[in-house]
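# Descriptive analysis of the structure
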Amino acid sequence: MDFDVIVIGSGPGGYVAAIRAAQLGKKVAIIEKYNVLGGTCLNVGCIPSKALLDSSEHFHNATHHFADHGIEIKAPKANLAKMIGRKNEVVTKMNAGVEFLMKKNKITVFNGFGSFVDKNTVKIAKEDGSEEKISGTDVIIATGSKPLILPFMNFDGKRIITSTEALNLPEIPKHLLVIGAGVIGAELGSVYGRLGSKVTFIEFAGSMIPTMDGTMGKELQKSLKKQIGAEFNFNTKVTNIENKGKEVEVTAQDKNGETVTFSGDYCLVSIGRRPYTDNLNLEAAGLTTDDRGRIAIDEHTLETSVKGIYAIGDVIRGAMLAHKAEEEGVLVAETIAGQKPHIHYNLIPGVVYTWPEVASVGATEEELKASGKAFKTGKFSYKALGRATASGDTDGLVKILADKETDEVLGMHIIGARAADMIAEGVTAMEFRASAEDLGRISHAHPTYMEAVKEAALAATDNRSIHS
Ligand code: FAD
Ligand code: NAI
């Protein structure tokens, strides 16, 4: 064999798997079809979206909040081309970082499209038309996902767009129609709403971010309504999208079954992503996909039905998150090296980088109710926090769900400033199976946003929050 391990795809799943395998002494190759490493996350996902969220947040604060802090400036102007240029620089820096890590760990990088020849051989089709075949003892499929678009949505990449195009628009939309009020809709809708676009959400479910705890969706909707004047159409099923030149027309059925139409100058389709295995020639390796296009794996080892072939990240079941893909990359590399690693899927946090941020770990209130488990709830509002009052970020709350009998923390849900970072305390607490009382008895620095976690834990313990 040319290599011990071949990784197909250099996203957060693939490149992390490659590094961990190399750390464990394996001779590793990684194949990436683009000329840059890092996958969806680094190039058209997590990193560029956060760069634009940060720039648009600065603009929004300068326009709406600087005066509250006694900072007087002339009305600022948004320069979208410059924001996008900065975002591209951030991405380029990160690409170089992954390339450096590949060199440091002596991982051989092949740029080209990988496809199976047989279970141990992968063909690489390169940009210059040449081909190369390499063999490996183990192969890790980390080919990720692509935006999901239904045929009647008539995607054209110009006015009817996905997140990829939304990260590189030539102008700030006057009116952005957003199909799907999930994570991408909420984040990219926020970017353009803050820059001045009118934003209209058209969502199939009954609330925003419907898979998260219900309180989060309700609070986020209120915040986005207040912050960017967003409009929401829930229980509304899109049936057609048409580019009419400078306008896009969306036809949908509302909750009463009536036909409704919406028009705007851009329409972002953000209704989920599909696993990507196109032209991978899985059959040659003896593999197939399920009805949702995912590669089936063993729940513990992430090995496929073919011995020595593993799959990780967005191309398999579970949340489509970069840190979930990374954990799986580490797990597979360690499994190949003969170790027995484990992932607590229930403890993988989810974050929405809107303002305020939303972050969650563990069970939602809806899940606990459905399971019939007896639980108690502790909540604490940011309005009662010294730190939040000082900064002016008083929209938000922490909600802790704990077992009614044992007091074990079962879930933590936060909407508010810095929620993305704060959720780590919930993850740590739950990894160590802490009780709400444990969290309530730990000293939290004052004044910090983290005090809201302590107070919510005290409220969950026996309703003894100090400051509410
Ligand atoms: P990917 O990152 O998709 O990487 C797969 C790689 O494989 C790609 O580079 C692809 O070119 C390559 N590839 C595919 N087929 C082949 C082939 N045959 N040969 C060679 N190479 C191939 N997640 C978060 O956790 N936090 C966030 O803030 C976040 N923000 C996001 C924002 C947006 C706009 C989007 C779209 C996604 C976001 N995500 C976020 C999700 C995150 O990007 C994905 O969950 C993550 O990238 C999945 O990693 P992966 O390694 O499985 O696949
Ligand atoms: P999503 O699953 O978060 O949201 C899709 C939304 O579209 C849902 O609310 C769904 O009810 C709705 N929907 C589905 N079909 C519809 C239809 N026909 N008409 C109207 N609404 C419809 O998917 P999204 O936002 O596209 O993101 C894709 C993936 O990328 C997610 O799985 C997410 O995990 C990941 N991501 C993660 C981020 C983060 O961690 N901060 C940021 C962005 C994306």
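Residues numbered from 1 in each chain as written. Chains lettered and ligands numbered in written order. Predicted model: local features only at pLDDT ≥ 70, side-chain atom pairs only at ≥ 80, totals over all residues. Heavy atoms only, no water.

### Regarding the packing of helix α6 (residues 183-194) against helix α7 (residues 214-228)
Angle between the axes and distance between the axes are the two parameters that describe a pair of packed helices. Formally: Under this scheme, a helix contributes an axis fitted over its contacting stretch, all axes are lines through C-alpha atoms, and angles between N-to-C directions fall in the 0 to 180 degree range. Only DSSP runs of H or I reaching four residues or more are called helices, and only runs of E reaching two or more are called strands; each is numbered from the N terminus. Our angle categories are set so that under 35 degrees counts as roughly parallel, over 145 as roughly antiparallel, 65 to 115 as roughly perpendicular, and the remainder as oblique. Helix crossings get a hand from a simple test, with the near helix turned counterclockwise from the far one by less than a right angle marking a left-handed crossing and a clockwise turn marking a right-handed one. We call two residues in contact when some of their heavy atoms are within 4.5 Å. Residues are sorted three ways: Asp, Glu, Lys and Arg are charged, Ala, Val, Leu, Ile, Met, Phe, Trp, Tyr, Cys and Pro are nonpolar, and all the rest, Gly among them, are polar.
One can describe the packing of α6 onto α7 by two numbers: an axis separation of 10 Å at closest approach and a directional angle of 20 degrees. Considering their axes alone, α6 and α7 lie roughly parallel with respect to each other. Every pair of crossing elements has a handedness; the one defined by α6 and α7 is left-handed. Note on element contacts: α7 touches α6 through Leu220, Leu224, Gln227 and Ile228, opposite Ala186, Gly189, Ser190, Gly193 and Arg194. Residues belonging to the contact of α6 with α7 are distributed by class as follows: four nonpolar, four polar and one charged.

### Overview of the side chain of Asp138
The condition that has to hold: Relative accessibility under 20% of the residue-type maximum defines a buried residue, over 50% an exposed one, and the middle range a partly exposed one, all with a 1.4 Å probe and only protein chains included. Charge assignment: positive for Lys and Arg, negative for Asp and Glu; neither His nor the chain ends contribute. Salt bridges are defined as contacts in which a side-chain nitrogen from Lys or Arg sits within 4 Å of a carboxyl oxygen from Asp or Glu.
Relative to the helices and strands, Asp138 resides in strand β6 (residues 131-141). Summary of buried charges: Asp138 has no salt-bridge partner, and the nearest side chain of opposite charge, Lys26, is 5.9 Å away. Ignoring anything within four residues of it in the chain, the contact list for Asp138 reads Asp4, Val5, Ile6, Gly308, Tyr310 and Ile336.

### Brief notes about the sheet that holds strand β15 (residues 266-269)
Worth spelling out the cut-off: In this analysis, strands are considered paired if DSSP registers two or more bridges between them.
The sheet built from five strands is open, its strands ordered β8-β15-β9-β10-β11 with parallel pairing. Since the sheet does not close on itself, it has two edges, and those belong to β8 (160-161) and β11 (231-233), each with one partner. Contacts from α6 reach β9 (175-179), β10 (198-202) and β15, with the element oriented near 160 degrees to β10.

### Points about the packing of aromatic side chains
Worth spelling out the cut-off: Here the aromatic set is Phe, Tyr and Trp, taking the six-membered ring for Trp, and pairing holds for ring centres within 6.5 Å; pairs whose planes are under 30 degrees apart are stacked, those over 60 apart are edge-to-face, and all others are tilted.
Considering all chains together, one arrives at four aromatic pairs under this definition. Centroid distance Phe3 to Phe110: 6.0 Å. Interplanar angle 90 degrees. Geometry classified as edge-to-face. Taken together, the positions of Phe3 in strand β1 (residues 3-8) and Phe110 in strand β3 (residues 108-111) put the pair 107 residues apart, joining distant regions of the chain. Side by side, Phe3 and Phe110 carry an identical accessibility label, which is buried. With a centroid separation of 5.7 Å and an interplanar angle of 20 degrees, the aromatic rings of Phe232 and Phe234 are classed as stacked. The exposure class of Phe232 is buried, given its relative accessible area of 17%.

### Topic: the site of ligand 1
To keep it simple, the criterion reads: A molecule or strand has a residue near it when one of that residue's heavy atoms lies within 4 Å. Two N or O atoms count as a polar contact when they lie within 3.5 Å, although within protein this holds only if one can serve as hydrogen donor and the other as acceptor, and sequence-adjacent residues are included solely when both atoms are side-chain atoms. The Shrake-Rupley method, run with a 1.4 Å probe sphere, supplies the accessible areas, and residue values consider only the shown protein chains as cover.
Of all residues adjacent to ligand 1, which total 39 residues, the nearest are Glu32, Thr40, Lys50, Gly114 and Ala322. In the model, a nitrogen atom of ligand 1 is placed 3.1 Å from a nitrogen or oxygen of the Lys33 main chain. Cys41 has a polar backbone atom sitting 3.3 Å from an oxygen atom of ligand 1. Burial of ligand 1 by the protein chains amounts to 95% of its free accessible area of 1,000 Å². At the level of secondary structure, the elements contributing two or more residues to the shell around ligand 1 comprise α1 (12-23), β2 (28-32), α2 (39-44), α3 (46-64), β4 (113-118) and α8 (322-336). In terms of residues, the shell around ligand 1 owes the most to one element, α2, which gives four residues. Split by residue class, the shell around ligand 1 holds 17 nonpolar, 17 polar and five charged.

### Remarks on the nonpolar core
Test applied: Among the buried residues, those of types Ala, Val, Leu, Ile, Met, Phe, Trp, Tyr and Cys that are joined through side-chain atoms within 4.5 Å form a nonpolar core.
Formed by 51 residues in total, the largest nonpolar core has its most connected members in Phe116, Ile140 and Ile141. For this core, the secondary structure elements donating two or more residues are β1, α1, β2, α4 (80-104), β5 (121-125), β6, β17 (309-311) and α8. Counting residues per element, this core draws most heavily on α1, at seven residues. Residues in contact with Ile140, not counting those within four places in the same chain, are Val5, Ile6, Val7, Ile8, Ala17, Tyr310, Ile312, Val332 and Ile336.

### Some thoughts on the domain arrangement of the protein
To keep things clear, this is the line we draw: What counts as a domain boundary in this text is fixed by an automatic or database domain assignment. Buried area: the accessible area, evaluated with a 1.4 Å probe, that two parts lose upon being put together, summed over both parts.
Along its sequence, the protein is carved into domain 1 (3-145 + 274-345), domain 2 (151-271) and domain 3 (356-460). Taking the mean C-alpha position of each, domain 1 and domain 2 sit 27 Å from one another. Each side of the interface is counted separately: domain 1 has 17 residues, and domain 2 has 15 residues. Carbon and sulfur atoms supply 68% of the area that domain 1 and domain 2 bury against each other, a total of about 1,300 Å² over both sides. At the junction of domain 1 and domain 2, the tally comes to one salt bridge. We note a salt bridge from Glu187 to Lys50, for which the minimum N-O separation is 2.8 Å. For the interface between domain 1 and domain 2, the tally reads five residue pairs in polar contact (both at pLDDT 80 or more). For the side of domain 1 that touches domain 2, the elements supplying multiple residues, two or more each, are α3 and α4. By residue number, the principal contributor to the side of domain 1 that touches domain 2 is α3, which donates nine residues.

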